[in-house]
Amino acid sequence: MTAITKRQRRAEVDRAVCVACGCCLKVCPLSAIEVYRGVYARVDQRRCVGCGMCAGECPAGVISVWEVQA
Amino acid sequence: MKKTWNEYLWIASLTYMILGFFNILFAWLGLLCFFFPLGIAIVKGTKGYCNHYCGRSQLFSLLGNRLGLSRKKDTPRWMKSKAFRYGFLVFFFAMFFLMLWNTWLVFAGAQNLKQVVTLLWTFKLPWHWAYRGTLFHPGVAQFAFGFYSVMLTSTVLGLITMALFRPRSWCVYCPMGTMTQLICKAKCPQKPRRHVP
Ligand code: SF4
Ligand code: SF4
Ligand code: SF4
């Protein structure tokens, strides 16, 4: 018997190359992303639903959406 | 979602660019877009300006997303590299100080007022209609012409990268954005690590 796993998607920011412009915050429907101290954006993994809106908007292309096991 | 007042700041940015066509002295108002972001970064240690109050980026986002004037392709890798971003910042400031130097020469009486707007640091556009002389020293006008040149150049560059890449691609190499992030980095206790799960 295989364990039932639910696959979910989450956005993740590559912090070292984020330019902290905040384009991502403006499009996130769940306000799950914030810019930390003007240095990089970070995603609240509990709120993010992995819709990818932020990734499509980010001009630096530093957001990727991953599948996670929940 | 109800819109808040700061989501309409693009109107201010647009008005600023238009006013410069009629009276160049309005260019002085652009100093706000220098001191605000820097002040917020220095005092609060955040990019609050970029994240909430920048009208120019709202304008790019509106034109690129709402009006569909952007190809929405990935910004090229070199453009978002640290070398290019910091290099552009240095170049931008070198040009800025050159502009200040020319203003100083006019103030000192060593040079006459040049009523031109310089686009992309190269092309001199005649702009004499926007200035008919005032009680102020010609140096005041020279600064306005120079500053408007800086604002027009960055707007044009931003529009080009908006069209070619993502709407707000300008934000990747915007000197104000790079500088405020550097200030925030200097003030931030932890350094960001490369973070990929
Ligand atoms: S849009 Fe991209 S570069 Fe800008 S703050 Fe968000 S993750 Fe960083
Ligand atoms: S993937 Fe969607 S929910 Fe998650 S941070 Fe990006 S925009 Fe917000
Ligand atoms: S990076 Fe420049 S254009 Fe983009 S939001 Fe910040 S100040 Fe505005």
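Attention in this report is confined to the structure presented alongside it. Residue numbering note: each chain is counted from 1, following its sequence as written. A letter from A marks each chain and a number from 1 marks each ligand, given out in the order of writing. Local features are withheld for residues below a pLDDT of 70 in this predicted model, meaning they are given only at 70 or higher, and side-chain atom pairs are given and counted only at 80 or more; totals for whole chains, interfaces and linings count all residues. Working from all heavy atoms in the structure, the side-chain values ignore hydrogens and water.

**Focus on the layout of surface pockets**
- Put plainly, a pocket is an open set of points on a 1 Å grid over the protein atoms alone with protein on both sides within 12 Å along at least five of seven lines, a cavity is a set where a 1.4 Å probe fits but cannot get out, and a lining residue has an atom within 4 Å of a point. Grid points are joined across faces, edges and corners, and a volume is the space filled by probe spheres set on the points. If you add up the space inside the largest pocket, you get close to 910 Å³.
- If you trace the largest pocket, you find 26 residues lining it, with Leu25, Lys26 and Val27 of chain A together with Lys3 and Glu7 of chain B closest to the centre.
- Looking at the lining of the largest pocket, the elements with two or more residues in it are helix H1 (23–27) and helix H2 (53–57) of chain A together with helix H3 (48–53) and helix H4 (55–66) of chain B.
- Helix numbers and strand numbers start at the N terminus; a helix is a DSSP run of H or I with at least 4 residues, a strand a run of E with at least 2. Ranked by the residues each element gives to the lining of the largest pocket, the list is headed by H4 of chain B, at six residues.
- Under the grouping applied here, Gly and all other residues not named as nonpolar or charged are polar, the nonpolar ones being Ala, Val, Leu, Ile, Met, Phe, Trp, Tyr, Cys and Pro and the charged ones Asp, Glu, Lys and Arg. In the lining of the largest pocket, the residues fall into ten nonpolar, nine polar and seven charged.
- What the second largest pocket holds in volume is close to 730 Å³.

**What to know about the packing of helix H1 (residues 9–22) of chain B against H4 of chain B**
Residue and element names in this part refer to chain B.
- All axes here are fitted lines through C-alpha atoms, helices being fitted over the stretch that makes contact, and every angle between N-to-C directions spans 0 to 180 degrees. Orientation of H1 relative to H4, taken along the N-to-C sense of each, is 95°, at an axis distance of 7 Å. Judged by the inter-axis angle, H1 sits roughly perpendicular to H4. Each of Leu9, Trp10, Ser13 and Leu14 in H1 lies in contact with H4, whose residues at this interface are Gly55, Arg56, Gln58, Leu59 and Leu62.
- Partitioned by chemical class, the residues of the contact of H1 with H4 number five nonpolar, three polar and one charged. Relative orientations are named as follows: roughly parallel for angles under 35 degrees, roughly antiparallel for angles over 145 degrees, roughly perpendicular for angles from 65 to 115 degrees, and oblique for any other angle. Every residue pair with non-hydrogen atoms within 4.5 Å of one another is taken to be in contact.

**Quick notes on the side chain of Thr180 of chain B**
- Within the element layout of this structure, Thr180 of chain B appears in helix H8 (residues 175–187).
- When residues no more than four places from it in sequence are discounted, the contact partners of Thr180 of chain B are Pro37, Leu38, Ala41, Lys47 and Cys50 of chain B.

**Observations concerning the environment of Lys3 of chain B**
- Secondary-structure assignment places Lys3 of chain B in the segment before H1.
- In contact with Lys3 of chain B, not counting residues within four places along its chain, are Tyr8 and Arg66 of chain B.

**Examining empty space enclosed by the protein**
Residue and element names in this part refer to chain A.
- Tallying each qualifying case throughout the model produces two cavities of 30 Å³ or more.
- The calculated volume of the largest cavity comes to roughly 100 Å³.
- Forming the walls of the largest cavity are 14 residues, and the residues nearest its centre are Cys28, Ala32, Cys48, Cys51 and Cys54.
- Residue classes in the lining of the largest cavity are distributed as twelve nonpolar, two polar and no charged.
- Estimates place the volume of the second largest cavity at around 70 Å³.
- Lining the second largest cavity are 14 residues; nearest its centre among them are Cys18, Cys21, Cys24, Cys58 and Val62.
- In the lining of the second largest cavity, the residues fall into 13 nonpolar, one polar and no charged.

**Topic: the site of ligand 2**
Residues and elements named next belong to chain A.
- Residues in close proximity to ligand 2 include Ala11, Cys28, Pro29, Leu30, Cys48, Val49, Gly50, Cys51, Gly52, Met53 and Cys54, which together make up its full environment.
- A molecule is said to occupy a pocket when more than half its atoms come within 2 Å of that pocket's grid points, and by this definition ligand 2 occupies the largest cavity.
- Residues that form the shell around ligand 2 fall into these classes: nine nonpolar, two polar and no charged. By convention in these notes, a residue is near a molecule or strand provided one of its non-hydrogen atoms lies within 4 Å of it. Occupancy of a cavity or pocket is assigned to a molecule whenever over half of its atoms lie within 2 Å of that pocket's grid points.

**Some points on unusual backbone geometry**
Residue and element names in this part refer to chain A.
- A positive phi angle, close to 60°, is found at Ala20, a residue other than glycine.
- For Ala20, the position within the fold is in the loop between strand E1 (7–13) and H1.
- With a phi angle near 45°, Ser31 is a residue other than glycine that sits in the positive phi range.
- Following the sequence through the fold, Ser31 ends up in the loop between H1 and strand E2 (33–36).

**Here's the deal with the interface of chain A and chain B**
- Residue-level contacts link 28 residues of chain A with 30 residues of chain B.
- Interface area for chain A against chain B, summed over the two sides, is near 2500 Å², with a carbon-plus-sulfur share of 51%.
- Two parts placed together each lose some accessible area under a 1.4 Å probe, and adding up what both lose gives the buried area. By the criterion of area lost to chain B, the three top residues of chain A are Val19, Arg37 and Pro59 of chain A, representing 22% of everything that side buries.
- The working definition used for a salt bridge is a side-chain nitrogen of Lys or Arg within 4 Å of a carboxyl oxygen of Asp or Glu. Taken together, chain A and chain B are joined by zero salt bridges.
- Polar contact is defined as a pair of N or O atoms within 3.5 Å, subject to the rule that within protein one atom must be able to donate a hydrogen and the other to accept it, and that residues adjacent in sequence are counted only when both atoms are side-chain atoms. Where chain A packs against chain B, one counts 14 residue pairs in polar contact (both at pLDDT 80 or more).
- At the level of secondary structure, the elements contributing two or more residues to the side of chain A that touches chain B comprise E1, H1, E2 and H2 of chain A.
- Looking at the side of chain A that touches chain B residue by residue, the class counts come to 18 nonpolar, four polar and six charged.

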